[in-house]
Amino acid sequence: MIILGIDPAIRTTGYGVIEAGTGGRFKVIDCGVIANSPKLPHSECVRRLHLGICELVNTFHPECAVLEEPFMGKNAGTAIILGMARGAILAALSVNGVPAYAYAPTVAKRAAVGSGKATKEQIAVMIAAELGIEIEQIPLDSTDALALAMCHAGRVLRSCGMPGKLL
């Protein structure tokens, strides 16, 4: 099963593509960042996110995608900008027929590392050790995306609980 994990943001969206096999085995196929310059207007960032996700889907053909559940912060402007990023991502997934699920960041981190409060650095160390890859191959902005993909795979393949919320 190929799973695309996505940590949405308007400027730096992390992604991780994993192959999940039987027995809880994972393989990182790709991970990285869709980066948008702070100088770009939001409309261009949304366009680039949409195209970037479409490119990932067309390259890796994931069976599903997993995003972080949105959080309600105190800054409405930040929530609106995050909503724009999520909308671009969900539109790209929907147009390509890829079902999307969501998990709270703490749930994904707990599944990957054992602690819902784990830092990006701790997640990278654990993923590198577990999968036998160099930590330098994991951009920090993709760690949460990889944790999301691993969380979903664990829940679906190991029947450890219900999959996340279908978006």
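Residues numbered from 1 in each chain as written. Predicted model: local features only at pLDDT ≥ 70, side-chain atom pairs only at ≥ 80, totals over all residues. Heavy atoms only, no water.

## A word on the packing of helix 3 (residues 105-113) against helix 5 (residues 143-157)
Next up, step 1: Taken N-terminus to C-terminus, the directions of helix 3 and helix 5 make an angle of 75°; their axes are 8 Å apart at the nearest point. Classified by the interaxial angle, the pair formed by helix 3 and helix 5 is roughly perpendicular. The residues of helix 5 that touch helix 3, namely those facing Val 107, Ala 108, Lys 109, Ala 111 and Ala 112, are Asp 144, Ala 147, Leu 148, Cys 151 and Arg 155.
Next up, step 2: Taken together, the residues that form the contact of helix 3 with helix 5 break down as seven nonpolar, no polar and three charged. (Axes fitted to C-alpha atoms, helices over the stretch in contact; angles between N-to-C directions. Helix = DSSP H or I, 4+ residues; strand = E, 2+ residues; numbered from the N terminus. Parallel < 35°, antiparallel > 145°, perpendicular 65-115°, else oblique. Contact = heavy atoms within 4.5 Å. Nonpolar A, V, L, I, M, F, W, Y, C, P; charged D, E, K, R; others polar.)

## With respect to the state of the cysteines
One covalent bond between the sulfur atoms of two cysteine residues makes up a disulfide.
Next up, step 1: Per the stated rule, a full pass over the model turns up zero disulfides.
Next up, step 2: Looking at the unpaired Cys 64, the closest cysteine sulfur is the one in Cys 151, lying at 11 Å.
Next up, step 3: Since its relative accessible area comes to 2%, Cys 151 is described here as buried. (Disulfide = S-S within 2.5 Å. Buried < 20%, exposed > 50% of the residue type's maximum accessible area, 1.4 Å probe, protein only.)

## Observations regarding the side chain of Asn 36
Next up, step 1: Considering the arrangement of structural elements, one finds Asn 36 in the loop between strand 3 (26-35) and helix 1 (42-60).
Next up, step 2: We classify Asn 36 as buried; its relative accessible area is 5%.
Next up, step 3: With near-sequence residues (within four places) excluded, Asn 36 lies in contact with Ile 10, Arg 11, Cys 45, Arg 48 and Leu 49.

## Some words on unusual backbone geometry
Next up, step 1: With a phi angle near 50°, His 61 is a residue other than glycine that sits in the positive phi range.
Next up, step 2: The topology assignment puts His 61 in the loop between helix 1 and strand 4 (64-68).
Next up, step 3: The class for His 61 is exposed, based on a relative accessible area of 56%.

## Section: the pairing of strand 2 (residues 12-20)
Next up, step 1: Of all nine residues in strand 2, seven are buried, a share of seventy percent or more.
Next up, step 2: Bridge count between strand 1 (residues 2-7) and strand 2: six bridges; the pairing is antiparallel. Among the inter-strand pairings, Ile 2 is bridged to a residue of strand 2, identified as Glu 19.
Next up, step 3: The hairpin turn running from strand 1 into strand 2, its antiparallel successor, is four residues long. (Pairing = 2+ DSSP bridges.)

## Focus on helix 2 (residues 76-95)
Next up, step 1: Given a rise of 1.5 Å per residue, 20 residues ought to cover 28 Å, and the 28 Å separating the end C-alpha atoms of helix 2 matches this to within 8%.
Next up, step 2: Among all positions in helix 2, only Leu 82, Ala 85, Arg 86, Ala 88, Ile 89, Ala 92 and Leu 93 are buried. Angular distribution of buried residues about the axis of helix 2 spans 150°; they occupy a single face of the element. Turned more than 90 degrees away from the buried face of helix 2 sit Ala 76, Ile 80, Ser 94 and Val 95, all of them exposed.
Next up, step 3: Contact partners of the buried residues in helix 2: strand 1, strand 2, helix 1, strand 4 and strand 5 (100-103).
Next up, step 4: Gly 97 sits one or two residues past helix 2 and shows a positive phi near 70°. (Expected span 1.5 Å × (residues − 1). Arc of directions from axis to C-beta.)

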